[in-house]
Amino acid sequence: MGGAGVVYERSDDVSRRRRGSSVVRGLRPVESLRNRGGFTARDTARRQHMQHTQYISTRGRMAPAGFMDVLLAGLAPDGGLAVPDRLESLTADRLESWRPLGYADLATEIIGLFATDVPRDDLAALTRAAYGEPRFPQPVVPVTTLGDVADGLVLVGLSEGPTMAFKDLAMQFLGQAIPYVLAKQGRVLNILGATSGDTGSAAEHAFRGQEGVSVFMLSPLGRMSDVQRAQMYSLADANIHNIAVDGVFDDCQNLVKAVNADAAFKAEHSIGAVNSINFGRIAAQIVYYVWAWLRVSDDAPERERSRTRVDVAVPSGNFGNIYAGHLARSMGVPIRRLILATNENNVLDEFFRTGVYAPRPREATLATSSPSMDISKASNLERFIRTLLGPEAFAEAWSELERTGRLDLSAQRDRMAEEFGFVSGTSTHADRLAAIRLVHAATGRLIDPHTADGITVALSTMEPGFPTLVMETAKAAKFPQTVAEALGKDPETPDIIADLLTRPQKVETIDNEEAPLRALIEERALTS
């Protein structure tokens, strides 16, 4: 690995080396097409025509549905989360055939494995619109070595989009795909979501002004940064409705789930979701795991590329981002370990260290300097636990969790590490400050506090000989107070942020109750 500041460029070389297919527990494995020249676009299109991916619920009481259907639905009718009934195996040949592609074209290939009911030409148009300029500069996802911080450390830049956070990469795709599906079906959609900081602004900027879509976004009162609030509350578009809940993020998420659980109300008001419970977001997030591996392995000798294994460190709150990494690994991307990094709200770290999952009540959820991870009940963990246990054992285990508030899977702890590659760690406020100082002193680069959590845990767990990729969460400019505390001086405020903070803001505040939320939806929801 090179020194700090080295950016990986795309290589046009295509390796012919083959690699075996992967098998995912609980899913039907699919043998990929092979030929001596690797996969072509025509092969991929033919394969998609032959095999359609269907979606089922984690809780087993939903009829199989297509990608376009689950894109609009959010939660399954039985309260579960949509998961694909099959995963493609990504052979070495196939990965190599993707090496020359730009980001939008790679997104077409990967999302196309999941969106098999969307015509390929239409999908390509959606990804070009989502990932082209002016929404993203090129390259969409810069991959940069941080060798002056630690040998083998790499930063995957996921915050180049309009709201300066990794959520833009999935949300901009949904901002194209959902209106496309609505227009095809002659429907409207009222998006109901919850945010701990970055999801809300990313969703609102993706859907602002869009025909046939309105956004009702819940956020925890007083628990986001000034910039995060301004990015959301300053939007004046008629289809954007910001709602601050007197509670923590988990309360916001619980309100969303409660409304979604009322099937009649949900249908009457055409309610959907774009939180990470929406599988469309997960599919779009898988793209940057593949992209990052391709860019890191570009530097390897052609015959060695397929054997380039990496570790990936992911700052985690709701388990959506790292779940996308888990799927990429399960499909065959050469990811050795998935390093989960939490802040002081470390329920997920406890789970992967001990096997015991014990979500905490709101009063035990701390307000930290990495607020987007102030989550004590990770919605997407449900998807992984179903894969871990299989459908029948999952149903029994999930009933136990709902009954007791605790799930003991300590018997599965070794499998989570050895079979699925999960390791984890906790970062504190002092750790974040130290990581921000360290990276700035070594490279001159500023990182945000969530990325600092990822750096902290990566440095404590990385092993020689394996590049460790840290998935960036946001730009440091979104969290100037923490950066200033770390450096002992105020960082320079970009003009775009200074202007944003002066704009008038509009937000409704409600108690942590369903009734006022339902009333707002009934009053303002779009109707067909």
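Each remark here, short or long, concerns the structure printed above.
No experiment lies behind these values; they were computed from the predicted model shown. (Residues numbered from 1 in each chain as written. Predicted model: local features only at pLDDT ≥ 70, side-chain atom pairs only at ≥ 80, totals over all residues. Heavy atoms only, no water.)

1. Details of the overall build of the chain
Secondary structure assignment for the chain yields 21 helices and 17 strands. Its C-alpha atoms give the chain a radius of gyration of 22 Å, within 12% of the compact-globule value 24 Å for 528 residues. Seen along its three principal axes, the alpha-carbon backbone of the chain occupies a region of about 60 × 55 × 50 Å. Counting every position in the chain, which comprises 528 residues, the buried fraction comes to 62%. Taking as baseline every contact in the chain between residues at least 6 positions apart, the subset at least 24 positions apart corresponds to 78%. As presented, the chain carries roughly 19100 Å² of accessible surface, and 48% of it is formed by carbon and sulfur atoms. (Helix = DSSP H or I, 4+ residues; strand = E, 2+ residues; numbered from the N terminus. Rg over C-alpha atoms; globule rule 2.2 N^0.38 Å. Buried < 20%, exposed > 50% of the residue type's maximum accessible area, 1.4 Å probe, protein only. Contact = heavy atoms within 4.5 Å. Areas by Shrake-Rupley, 256 points an atom, 1.4 Å probe, with all protein chains shown as cover.)

2. Some points on the pairing of strand 11 (residues 310–315)
Among the 6 residues of strand 11, 6 are classified as buried, and the element is accordingly described as predominantly covered. The alternating pattern of strand 11 places Val310, Val312 and Val314 and Asp311, Ala313 and Pro315 on opposite faces, both of which are buried. Bridge count for strand 11 against strand 12 (residues 335–342) is 6 bridges, and the pairing is parallel. What sits directly across from Asp311, in strand 12, is Arg337. Between the parallel pair strand 11 and strand 12, the chain is carried across by helix 12 (residues 320–331), and the sense of this crossover is right-handed. Sheet topology note: the strand 11/strand 16 (residues 468–471) ladder contains 3 bridges and is parallel. By the bridge assignment, Ala313 is partnered in strand 16 with Val470. (Pairing = 2+ DSSP bridges. Right-handed = clockwise from strand over helix to strand, strands pointing away.)

3. Let's talk about the packing of helix 13 (residues 347–354) against helix 14 (residues 381–389)
The contact between helix 13 and helix 14 brings their axes to 13 Å, and the two run at 10°. It follows from the interaxial angle that helix 13 and helix 14 lie roughly parallel. Side by side, helix 13 and helix 14 meet where Leu348, Phe351 and Phe352 of the first sit next to Leu381, Phe384 and Ile385 of the second. Tallied by class, the residues present in the contact of helix 13 with helix 14 amount to 6 nonpolar, no polar and no charged. (Axes fitted to C-alpha atoms, helices over the stretch in contact; angles between N-to-C directions. Parallel < 35°, antiparallel > 145°, perpendicular 65-115°, else oblique. Nonpolar A, V, L, I, M, F, W, Y, C, P; charged D, E, K, R; others polar.)

4. With respect to the packing of helix 4 (residues 103–114) against helix 11 (residues 279–297)
Two quantities define a packed helix pair, namely the angle between the helix axes and the distance between the axes. Axis separation between helix 4 and helix 11 bottoms out at 9 Å; the angle between their running directions is 130°. Overall, the two elements helix 4 and helix 11 adopt an arrangement that is oblique. Every pair of crossing elements has a handedness; the one defined by helix 4 and helix 11 is right-handed. Together, Tyr103, Leu106, Ala107, Ile110, Ile111 and Phe114 of helix 4 and Phe279, Ala283, Ala284, Ile286, Val287, Tyr288, Val290, Trp291 and Leu294 of helix 11 make up the contact between the two elements. (Left-handed = near helix turned anticlockwise from the far one by under 90°.)

5. With respect to the packing of aromatic side chains
In total, this model carries 17 aromatic pairs according to the counting rule given. Consider the rings of Tyr103 and Trp291, whose centres lie 5.4 Å apart with planes at 70°: the pair is edge-to-face. Placement of the pair is Tyr103 in helix 4 and Trp291 in helix 11, with a sequence separation of 188 residues. Take Trp291: its relative accessible area is 4%, and that puts it in the buried class. Positioned above the aromatic ring of Trp291 is the side chain of Arg295, whose terminal nitrogen or guanidinium carbon lies 4.5 Å from the ring centre. Geometry around Phe265 places Arg518 over its ring, the cationic atom sitting 4.6 Å from the centre. (Phe/Tyr/Trp six-rings, centres within 6.5 Å; stacked < 30°, edge-to-face > 60°. Lys NZ or Arg CZ within 6 Å of the ring centre and 35° of its normal.)

6. Focus: the pattern of salt bridges
Per the stated rule, a full pass over the model turns up 29 salt bridges. Two residues, Lys478 and Asp198, come together in a salt bridge whose shortest N-O distance is 2.7 Å. In this pair, Lys478 is assigned in the loop between strand 16 and helix 19 (480–487) and Asp198 in helix 7 (residues 198–207), connecting sequence segments 280 residues apart. The exposure classification of Lys478 matches that of Asp198, with both residues buried. A salt bridge links Asp298 to Arg295; the nearest nitrogen and oxygen atoms lie 2.8 Å apart. The buried category is assigned to Arg295, whose relative accessible area is 1%. Each of Glu96, Arg99, Arg295, Asp298 and Arg305 takes part in salt bridges that share partners, so that together they form one network. (Salt bridge = Lys/Arg side-chain N within 4 Å of Asp/Glu carboxyl O.)

7. Side note on the nonpolar core
Within the largest apolar cluster, 111 residues are counted, with the highest numbers of intra-cluster contacts made by Tyr131, Phe173 and Phe319. Considering each element in turn, this core owes the most residues, 14 residues, to helix 11. Every residue in contact with Tyr131, bar those within four places of it in the chain, is listed here: Tyr103, Ala104, Ala107, Phe136, Gln138, Val140, Leu169, Phe173 and Ala284. In this structure, Ala313, Ile339, Leu433 and Ala458 belong to the second largest nonpolar core, which totals 20 residues. (Core = buried A, V, L, I, M, F, W, Y, C linked by side-chain atoms within 4.5 Å.)

8. With respect to the side chain of Asp448
Looking at the element boundaries, Asp448 is found in the loop between helix 17 (429–443) and helix 18 (449–461). Within polar-contact distance, the side chain of Asp448 engages the side chain of His450 at 2.7 Å. A polar atom in the side chain of Asp448 sits 3.3 Å from the backbone nitrogen of Ala474. Setting aside residues no more than four positions away along its own chain, Asp448 makes contact with Thr473, Ala474, Lys475, Ala476 and Phe479. (Polar contact = N/O pair within 3.5 Å; in protein donor to acceptor, adjacent residues only side chain to side chain.)

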